[in-house]
Each structure stands twice: as C-alpha cells, then as structure tokens.
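Geometric and topological summary
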Amino acid sequence: MIALLWIVAFLASFIALAYRRASLKTTTAAVGILLIVCTVTSTGWLLGGLLWLAYAAIFGALNIDAIRRPYLTRPALELFRRVLPTLSATERTALEAGTVWWEGELFSGLPNWRRLEELPPAELSEQEQAFLDGPVQTLLDMCDEWQITHEEADLPAEAWQYIKDHKFWAMIIPKRYGGLEFSAYAHSCVLAKVGSGPAGGTLGPIVAVPNSLGPAELLMHYGTEPQRDHYLPRLAVGTEIPCFGLTSPFAGSDAGAIPDRGVVCHGEWQGEQILGMKLTWNKRYITLAPIATVLGLAFKMYDPDGLLGGEAELGVTCALIPTDTPGCHTGRRHFPASAPFQNGPTWGTEVFVPLDYIIGGREMIGQGWRMLMECLSVGRSISLPSGSTGDAIANARLTGAYAVTRRQFDISIGQFEGVAEALARIGGKTYACESLRRFTANAVDLGEKPSVASAIAKYHVTTLAQDVAKDAMDVHAGKAVMLGPSNPIARSFQAAPVNITVEGANILTRSMMIYGQGAIRCHPYVLDEIEAANNRDQTKALDVFDDLLYRHIGHDLSAAARSLVMGFTGGLGSAAGHNTQLAPYYQAMNRYSANLALLSDIAMATLGGTLKFRESISARLGDVLSNLYIASATLKRFIEDGEHAEDLPLVAWVCETAFAEIESALAGVLRHLPNRPAAVVAGLLIFPLGRTARLPSDGLGRRIARLLQTPGAVRDRLTPRCYISQARPDSAPALFERAMAATLDTAELHKTLVKARKTGDLDADHPREQIDQAEQRQLLSANDAERLRQAFDLQMAVIRVDDFDPEEMRSRTKKKNGPQADAA
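The following refers to the structure shown. In this text the structure is predicted, and so the values were computed from the model without any measurement. Every chain is numbered on its own, with residues counted from 1 as its sequence reads. Local features are withheld for residues below a pLDDT of 70 in this predicted model, meaning they are given only at 70 or higher, and side-chain atom pairs are given and counted only at 80 or more; totals for whole chains, interfaces and linings count all residues. Each side-chain value is derived from all of the structure's non-hydrogen atoms; neither hydrogens nor water enter the calculation.

Structural notes on the overall build of the protein chain
Within the protein chain one finds 33 helices and eight strands. As defined in this context, the radius of gyration uses C-alpha atoms, and a globule is described by 2.2 Å times the residue total to the power 0.38. For the protein chain, the C-alpha radius of gyration of 31 Å lies close to 28 Å, the compact-globule estimate for 824 residues. Taking the principal axes of the C-alpha coordinates as reference, the protein chain spans close to 105 × 90 × 45 Å. Considering the protein chain as a whole, with its 824 residues, one finds that 56% of them fall into the buried category. Per the convention used, a helix needs a DSSP run of H or I reaching at least four residues, while a strand needs a run of E reaching at least two, with both numbered from the N terminus. Per-residue accessibility, obtained with a 1.4 Å probe over protein chains only, is compared with the maximum for each type, and a residue is labelled buried under 20%, exposed over 50%, and partly exposed between these values.

So, in structure tokens, the structure goes:
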C-alpha cells in the first residue's frame, strides 16, 4: 500500500511539474528531494539503491552535456533530419513570408490572455469616420442593385467617376502621393459597409482589388522611386486603373506553377535597340482587367542567352505593363455568379517591353514570389473578410426585420422555433464574422503580416457569411427566390461563392494553408529546429538543436499534463482575463490550446514529412486552431465594445459553437491517426471524461433570435455600419426597418383584431378589410386604425415580389462598351 502511495506521489509530482513547465534543473531537484524523503521513510537499502541508480542514469544523462549531446541529442538530430518534410522553394518562401501573431499564442498550449486584452483597440480617425459617413454612403446611394445586376451588368457611369473623384482606390496609398493613407481597420470598415449595401457583390471587388494585392501595394513596398512617383499619384485619382494578373488556366491555387514566361532578349523599343524581355501570358479571373490601363503581371523569367550574366532560370518576377502596349489584350469579360464586377481574361504573345517595367527594377528579378507572399497576407486579412462581413451584417439586419414583419397564423414568423433556430445561427455567425474582421484587420495596423491568421479569416468569414446567406434565404422563403427590385438578398446568396473561391479556394485554404503553414510557423520550436537541422555547420547545428530539443520535450510534457488535468477540470482554476464573466471561455480555451499543442506534436512525430499529404488530418488540426482564433476574436470584441452584458448571449453562442467544433475536430484526428497506440494514449489524455462540449441550447438560440428582432443598441452593435439609406427611404434596408418598427408599434392593436375574429366581432377575411371593419364597429379608434393601415402598407411593401412582362425578362444590357468607358 505504501509503495502504491509513493507511485501516486511521484506521478502526481511529475504531472504538477510538467503542468507548470518546470525547467530540467527544477525537475531534477524536485524529484531528488522527493526521492530522499522516500528513501529515508519508506524503502529498504536495496530498493532505495535501485531507485537512486535509475535517478542518476536518467537525470545524469539529461543534465551532463558530455553524455546528453553525443548519445541523446545527436541521434535525435539525425532522426529528425530523416523525417524532415522536404520543402520546395515556393513553400519555403511562403513559410518565411509574414509574421506570427496571436495564433502563435494559441499554438503554444499556454495562451497569455492578458496580452490579448492589452492589445490596442481598433479605432477610426475623424477623417476615416467622415469618409464612411459621407463618400461611402453617397456611393451606395448611387447604386441600384437590379439595374446593375440585371439591366446594365455594370456600375452607373456616375458611380465610376465618384469612385475616382473621392479616391476609393487610394485607401492604402500614402498622402505624399495623393492617397488617403487609411489604417487597415478603416480600409476594412469601408469594404464592410460597401459589402452591406446594394450590389455589394459587384461594387465590393471594384473597390477592394486596387487596395489589395496589386500594383499599388507592390509599388509601395518594392517599386523604384521613379516607378512610385509615376504611378502612385495616377492610381490615387483613377487616371490609371490597375489590375493584377496571377491566375492562369493551368495555375490556380498552385500559383507557383504559372506557365507564363518572360525571356530576356534584345529588341526594338521606341525606335531604339534595347535589352528587354518578351512576355507571353494567358491569365483569367482578373478583376478590373477589362477596363484596366496598367496590368500587373506575374511570370517566370528566363535568360537563356546569359544576357544578364547569371542563371538561365531566374524565377517568378512581377512587372507593370500599360494595357495599350501592342500585343497586350484586355477588354473581354467574365460574368461572376450574378455579381457583374469588371473581371476578365488578359493575354499576350511575345510582347516586348523594357526591363524597367519590372517592379523594383532588375534587382527584383526572380523575387516575385516572395513579393506576392509578403503582400498577400495583408490583402487577404482585409478584402474578402470585410466584404463578406458586410454581406452577413446586411442579411442579419434584413432577416431580423423580415421575421418580425412577415406574419403567418396571425403571429410574426420569428416566433416560430424553426425560424428562431435560423435567426440564432444568423446572429451568432454574424457576430463571429465581425469579430474576426476587426481582430485581423487590427493586427495589420499593429505591424503584423499575419499569414496564418489571414488564411483563417478568409476561410471562416467567407464560409460563415455564405451560411448566413443560406439561412436568410430560408427565412425569406418564396420571396427570396423571386428575383427583382424587391428582393434584397438573393444576389448576395448567388454571389457568395465568389468570395469562397478567390485568393485561394476555401477547400485548399482549410486543408493545406491554415495548418500547413501554422504547424511550422506558429509552433514555438519546429521552424527553429528545421533551420538547425539544415545548418551545414554540424557543431553549431548540434548546439542549437540540443537547446531546442529539450525545451520542445518540456513543451510536449506540459501539453500532455495540462490536457489531462484540464480534461478532468475543464480548465477550472487556470489563467483567465480580467472579466470574470468570460473566465469559463478563457479556461476552456486553455484546455483546447494544450490539446492542440499535444496532438500536433504527436501527429508530426508519428507521420513526419507525410503529414502535409494527410490533408484531412491537417484540416482538422487547422479547425482547432481556427476555432480558438474565432473565440479569441469574439472575446476581444466583447471587451472592445464595452463589455455589455446584453451581448453575452452572442459571445456564448460563438464560443460554445467553436468549442463543439474543436472537440469534433480533435476526435476526428484521433480516429484517423494511423499510429493507433499513439492515438489511444492521446485520446486518454485529451478526453479522459469523453467529449464534454455541447452546441448552444435552444434557449440561448431563442434569446439571440429576439435580439435580432428587437430594435436597439444590441442589434446595432451586432450590425455596425450597416448601410441604410436616408436619401432612398423606399430602398430595402430602410423599408424593412420602417416596416419592423411599425409592426412592433402596432402589435397590441393587431392582437385586438385577432381576438375580435376569434369572438366573431369581425368577419372580414382580408387583413386590410379587417382594419376597416374594426374601425366601423368602433373596436379601433380612427387613429389606431390609421396606424394599422400604415403598418399594413409597409408590410405589403416588404413581402411584395416582382413580376414581369415576358419581354422584360430579357437582359437589357446595352450593346456598347459600357458606361465605364466614358468614366475612364
């Protein structure tokens, strides 16, 4: 019995030391002290001697460099080199691009919540707020979605000119070049508001792309001074319209495989023989290409004749090509999923241009892939997450209003539990979208280039917004599927796949990018270990690897101990932020962070370099990281919004959903991990009591549904900066708001009509006739009857669907170059 107690004592001590991430020296001393007590009080000389021999062998080997390095570290280094995944040049460049931010804390197994809370909040300057309230609002007022998507397949000419006049394409351009020089957060807010407006799926990309990965961004970071001086002022005012060509028919998500080429050669340029390059390209899906005046182009550079005095294959290079260059073809258009923004192909065959067209000049030949990867993380943090968030916000606000306004069985449809379930998902996912948008854009303003976080934001916000659009369609039901000027949501549903597929298709973003980069970039030791293993100086490699290896082992032991302990406690008692209402969420995330750290290292250790090919496992591990990030963004948003208790149901819904997704993903990895003994051990450590997370309750869902259907501060915080026109009171957002307010204002009067029909005091069938009859029979005053008539008229305007003469069903796109030609 005493022996059993000592076994428990040693095991508990070891778990406690690992849980606290005690150093090797501390662990050695603590175990030694415990062994002294055990020897003196409970063991004979033989057993005690054996225990001391074991202690000396284990801890001596670990603590004595002369033993540890040659006999433990060196074999481990050789094994690590054998299982090390091979990285292509493009993969290595992608890994080295960008920075690690909060996602690194989540991967550590021990997040510092104080750091999260102390991050400066995202804020707008007076100039940025004025731009949102003025030019952005005015631009949206100019746009009629039906006219744009059905009749013209383009923005009106005045909208194009307004975009140029008010420098919508200059948000990222410094003021010294005539730009607006907005913060990333302001840039994101503009795109979110545009996404919430009419034809957001069309207008959004037009505004977003010049401010994202493209000529302006590349010039600012890599262009020569003459290039910046020439192009940036013109881009700022729309004299030059930019596009950037990367995707080709043969290279989509595998952008590094582009077949487009540039060959260094001599040729004639403006009457003189110069050293230049002949470019051949075939690009598609290029936004603004049909109307662009300057084409940013990514291609592979070759110098077969050695004219530059170096290698023949020079690598991916980026150049700026005026689209009026002979042989440069643009003008034709694609038609992206009912969102007719200017998008199309561009191509050219052996187009000769000077080497000066290369962004950054000759020094940047072959640096194109690095340039793109470094800039992509910033653009991907903003453009698509922002536009999709705006779309979700608009759908949430419209659908909440519609659920109040639309009645069936004499009650608003939002009171039905089935509809309330959809409203809860809409509200919760919209809250998550806005949280992710704000959190990730703010990272850019804090100086980060968050490559992993941007992939998380891009994948999850676009997916969540598509889910919101689908639920909105279900709630609006028949009205949602009848296209016409009265339908404000169908086009956003149709256009949602555009954001899903661009800047890295979502399937590959989830299965390859989030964890594929995160496992190495965010892990506290792996990237440094890879660099040590690749160091040709064997002595230095061993020195560095020796230090990293044992810290890594300590990290794994800590993750295992924390997973086990918090698997029993749910994280109770672990570190949390200052807000006690959020403590359960912080503490649950401590547990899941430890689980991620543990299971990631088990997967990497057992699968080695093949892990990058086990995409389903990688995707599930990425889901754990992503949902930890989503929950973090949600808690941070709650704090930044002022910690309003009324918002806690939204926080709870997002976090509970995230935790259920995390446990499902962890269970999926454990089920499919090929090394079954390792999977069993990991399962016992991660789920000692089984899976405990639960999806949000029906009661919580009903609370969120009520928030969406109740005008006030909570609904406004849920849908910030949603476009509602003051200039066009009959436009859908304004109309739906008025109808909801009138319906709620006359709810008790409506109950009077319902009761009167049940008692036989009213016998009219049509709702409008019931109001008239109630007034005639003095069941309603003249004022109350008029209020009900006004509410009824607004309700009819909301639920109205459009019908057309057969001739009107034909698209009336004008057979000309389009109004943008005049605006350009």
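A word on the pairing of strand S4 (residues 294–302)
Where burial is concerned, most of S4 is hidden: seven out of the nine residues are buried. The pairing criterion is simple: DSSP has to find at least two bridges between the two strands. Of the pairings in the sheet, the one linking strand S1 (residues 242–245) to S4 comprises four bridges and is parallel in character. When the bridges of S4 are listed, Pro242 appears paired with Val294. Across three bridges, the pairing between strand S2 (residues 261–269) and S4 is parallel. Along S4, the bridge assignment pairs Arg261 with Lys300.

Overview of the packing of aromatic side chains
We call Phe, Tyr and Trp rings a pair once their centres come within 6.5 Å, taking the six-membered ring for Trp, and we label the pair stacked below 30 degrees between planes, edge-to-face above 60, and tilted otherwise. Applying the stated criterion to the full structure yields 18 aromatic pairs. Seen in terms of ring centroids, Trp160 and Trp169 are 6.3 Å apart; in terms of plane orientation they differ by 65°. Their pairing is edge-to-face. Owing to a relative accessible area of 1%, Trp160 belongs among the buried residues under this scheme. For Trp169, a relative accessible area of 3% puts it in the buried group. Between Trp269 and Tyr357 the ring centres are 5.8 Å apart and the planes differ by 85°, which places this aromatic pair in the edge-to-face class.

Focus: helix H22 (residues 538–569)
By definition here, a helix of n residues has an expected span of 1.5 Å times n minus one. For H22, built from 32 residues, the straight-helix expectation of 46 Å at 1.5 Å per residue is met to within 8% by its first-to-last C-alpha distance of 45 Å. The distance from a side-chain oxygen at the start of H22 to the backbone nitrogen of Thr539 is 3.2 Å, and the residue carrying that oxygen is Asp537. Gly570 sits one or two positions beyond H22 and adopts a positive phi of about 70°. Counting of polar contacts relies on pairs of N or O atoms within 3.5 Å, with two restrictions inside protein: one atom must be capable of donating a hydrogen and the other of accepting it, and residues adjacent in sequence are counted only when both atoms are side-chain atoms.

A few points about the packing of H22 against helix H23 (residues 583–607)
For helices, the fitted line uses only the C-alpha atoms of the stretch in contact; every axis is such a line through C-alpha atoms, and the angle between N-to-C directions lies from 0 to 180 degrees. Two elements in contact, H22 and H23, have axes separated by 8 Å at closest approach and are oriented at 135°. For the element pair H22 / H23, the angle class is oblique. Note that H22 runs across H23; the crossing there is left-handed. Listed contacts from H23 to His552, His555, Asp556, Ala559, Ala560, Arg562, Ser563, Met566 and Gly567 of H22 are Gln587, Asn590, Arg591, Ala594, Asn595, Ala597, Leu598 and Asp601. Should an angle fall under 35 degrees it is taken as roughly parallel, and over 145 as roughly antiparallel, whereas 65 to 115 is taken as roughly perpendicular and any remaining angle as oblique. Crossing handedness: left-handed means the near helix sits turned counterclockwise from the far one by under a right angle, and right-handed means the same turn made clockwise. Contacts are assigned to residue pairs that have any heavy atoms within 4.5 Å of one another.

Quick notes on the side chain of Lys283
Here Lys283 is to be found in strand S3 (residues 272–287). At 2.7 Å, the side chain of Lys283 and the side chain of Asp260 are in polar contact. For Lys283, the residues in contact, after removing those within four places along its chain, are Gly245, Leu246, Thr247, Ser248, Ile258, Asp260, Leu297, Ala298, Pro345 and Thr346.

Comments concerning the environment of Pro767
Relative to the assigned elements, Pro767 resides in helix H31 (residues 767–776). You can call Pro767 partly exposed: its relative accessible area is 41%. Linking Pro767 and His750, residues 17 residues apart in sequence, is a C-alpha distance of 9.9 Å.

Some thoughts on the pattern of salt bridges
One side chain can pair with another of opposite charge once the charged atoms of both are near each other. Whenever Lys or Arg places a side-chain nitrogen within 4 Å of a carboxyl oxygen from Asp or Glu, that contact is recorded as a salt bridge. Counted by the stated rule, this structure contains 39 salt bridges. The shortest N-O distance in the salt bridge between Arg551 and Asp547 comes to 2.9 Å. Of the two residues, Arg551 and Asp547 both sit in helix H22, four residues apart, roughly one turn of that helix. On the basis of relative accessible area, Arg551 is assigned to the partly exposed category, the value being 42%. Put simply, Arg777 and Asp763 hold a salt bridge, and the shortest N to O gap is 3.8 Å. Of this pair, Arg777 sits in the loop between H31 and helix H32 (782–799) while Asp763 sits in the loop between helix H30 (747–759) and H31; the two residues are 14 residues apart in sequence, bridging distant segments of the chain. Residue classification places Arg777 among the partly exposed positions, given a relative accessible area of 41%. Judged by relative accessible area, which is 51%, Asp763 ranks as exposed. In this structure, a network of salt bridges that share partners links the residues Glu434, Arg437, Arg438, Lys636, Arg637, Glu640, Asp641 and Arg721.

Comments concerning a nonpolar patch on the surface
Nonpolar side chains (Val, Leu, Ile, Met, Phe, Trp, Tyr) within 5 Å and like charges within 9 Å form the patches, drawn only from residues with over 30% relative accessible area and no salt bridge. All accessible-area figures derive from a Shrake-Rupley calculation using a 1.4 Å probe, and residue coverage is judged against the displayed protein chains alone. A grouping of Trp45, Leu46, Leu47, Leu50, Leu51 and Leu53 is seen on the molecular surface, where their side chains present a nonpolar patch of about 700 Å² in accessible area. Of note, Leu46 is situated in helix H3 (residues 45–63).

A few points about unusual backbone geometry
Positioned with a positive phi, Lys167 is a non-glycine residue whose angle comes to about 60°. Given a relative accessible area of 24%, Lys167 falls into the partly exposed group. The backbone of Ala477 sits at a positive phi, close to 55°, despite the residue not being glycine. Looking at the secondary structure, you find Ala477 in the loop between helix H17 (451–476) and helix H18 (478–481). Since its relative accessible area comes to 39%, Ala477 is described here as partly exposed.

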